[in-house]
Amino acid sequence: MTKEFETRIQKERIIDTKIYRYVYECDFDKAVIKRLPIRELDTTAALTDWEIVKIYK
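Quick summary incoming for the structure in this document.

Thresholds, definitions, all that
Each chain has its residues counted from 1, following the order in which its sequence is written. In view of the model being predicted, local features appear only for residues whose pLDDT reaches at least 70, and side-chain atom pairs are presented and counted only at 80 or more, with totals across whole chains, interfaces and linings using the full set of residues. The basis for the side-chain values is all heavy atoms of the structure; hydrogens and waters are excluded. Labels follow the DSSP assignment, with helices taken as runs of H or I lasting at least four residues and strands as runs of E lasting at least two, numbered in each case from the N terminus. Taken over C-alpha atoms, the radius of gyration is set against a globule rule of 2.2 Å times the number of residues to the power 0.38. Each residue gets one of three labels from its accessible area relative to the maximum for its type: buried under 20%, exposed over 50%, partly exposed in between, using a 1.4 Å probe on protein chains only. Note on contacts: a residue pair is in contact if any heavy atoms of the two residues lie within 4.5 Å. For this count, His and the chain ends are skipped, Lys and Arg are scored as positive, and Asp and Glu as negative. Just so you know, the charge point we use is NZ for Lys, CZ for Arg, CG for Asp and CD for Glu. Take a side-chain nitrogen of Lys or Arg and a carboxyl oxygen of Asp or Glu: if they are within 4 Å of each other, that pair is a salt bridge. Distance and chemistry together define a polar contact, namely a pair of N or O atoms within 3.5 Å, with one atom able to donate a hydrogen and the other to accept it when in protein, and with adjacent residues in sequence counting only for side-chain atoms on both sides. What makes two strands pair is DSSP finding at least two bridges between them. Each axis is a line fitted through C-alpha atoms, taken for helices only over the stretch in contact, and angles between the N-to-C directions span 0 to 180 degrees. Buried residues of nine kinds, namely Ala, Val, Leu, Ile, Met, Phe, Trp, Tyr and Cys, make up a nonpolar core once their side-chain atoms join them within 4.5 Å.

### Considering the overall build of the chain
Scanning the chain from N- to C-terminus turns up two helices and four strands. Mapped from its N terminus to its C terminus, the chain presents α and β elements in the order α-β-β-β-α-β. Relative to the compact-globule value of 10 Å for 57 residues, the chain shows a C-alpha radius of gyration of 11 Å, a close match. For the C-alpha atoms alone, the extent of the chain along its principal axes is close to 30 × 25 × 15 Å. For the chain, the proportion of its 57 residues judged to be buried stands at 28%. Of the contacts formed within the chain by residues at least 6 apart in sequence, a portion of 19% connects residues at least 24 apart. If the 12 positive side-chain charges of the chain are averaged to one point and the 11 negative ones to another, these points end up 4 Å apart.

What follows is the structure in structure tokens.
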């Protein structure tokens, strides 16, 4: 993942590519970028199968 794409995810919060949906989530003590294959968006996998790509502390 390039730094420009990472910054774009942080600004827009949700980005869809051809393969994945990327989501930026921010809590009190950390922030994360997660991704899920587009084909799994409307399934129950969308509830639990997100892959963490980057963690910010």
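Having put the structure on the table, let's press on.
### Considerations on the pattern of salt bridges
Scanning all chains against the criterion turns up seven salt bridges. Asp 16 is the partner of Arg 21 in a salt bridge, and the nearest nitrogen-oxygen pair spans 2.6 Å. As a salt-bridge pair, Arg 39 and Glu 40 come within 3.1 Å of each other at their nearest N and O atoms. A relative accessible area of 67% places Arg 39 in the exposed class. Through salt bridges with shared partners, a single ionic network connects Lys 3, Glu 6 and Lys 54.

### Considering the side chain of Lys 34
Here Lys 34 is to be found in strand E3 (residues 31–37). Polar side-chain contacts of Lys 34 include one of 3.0 Å to the side chain of Glu 25.

### Topic: the side chain of Glu 6
As for its placement among the helices and strands, Glu 6 is situated in helix H1 (residues 3–12). By relative accessible area, Glu 6 is classed as buried at 5%. For Glu 6, the contacting residues outside a window of four places in its chain are Met 1, Ile 33, Lys 54 and Tyr 56.

### Topic: the sheet that holds E3
The antiparallel open sheet is built from four strands, whose spatial order is E1-E2-E3-E4. One side of each edge strand has no neighbouring strand; the edge strands of this open sheet are strand E1 (14–16) and strand E4 (51–56). Each strand of the sheet is rotated relative to its neighbour by a mean of 15°, with strand direction disregarded.

### Looking at the nonpolar core
A general tendency of soluble globular proteins is for nonpolar side chains to be buried together. Grouped together as the largest cluster of nonpolar side chains are eight residues: Phe 5, Ile 9, Ile 15, Tyr 22, Tyr 24, Ala 31, Ile 33 and Tyr 56. Sorting the residues of this core by element identifies H1, strand E2 (20–26) and E3 as the ones contributing at least two each. If we skip the residues at most four places from it in the chain, Ile 33 touches Glu 6, Ile 9, Tyr 22, Val 23, Tyr 24, Glu 51, Ile 52, Val 53, Lys 54 and Tyr 56.

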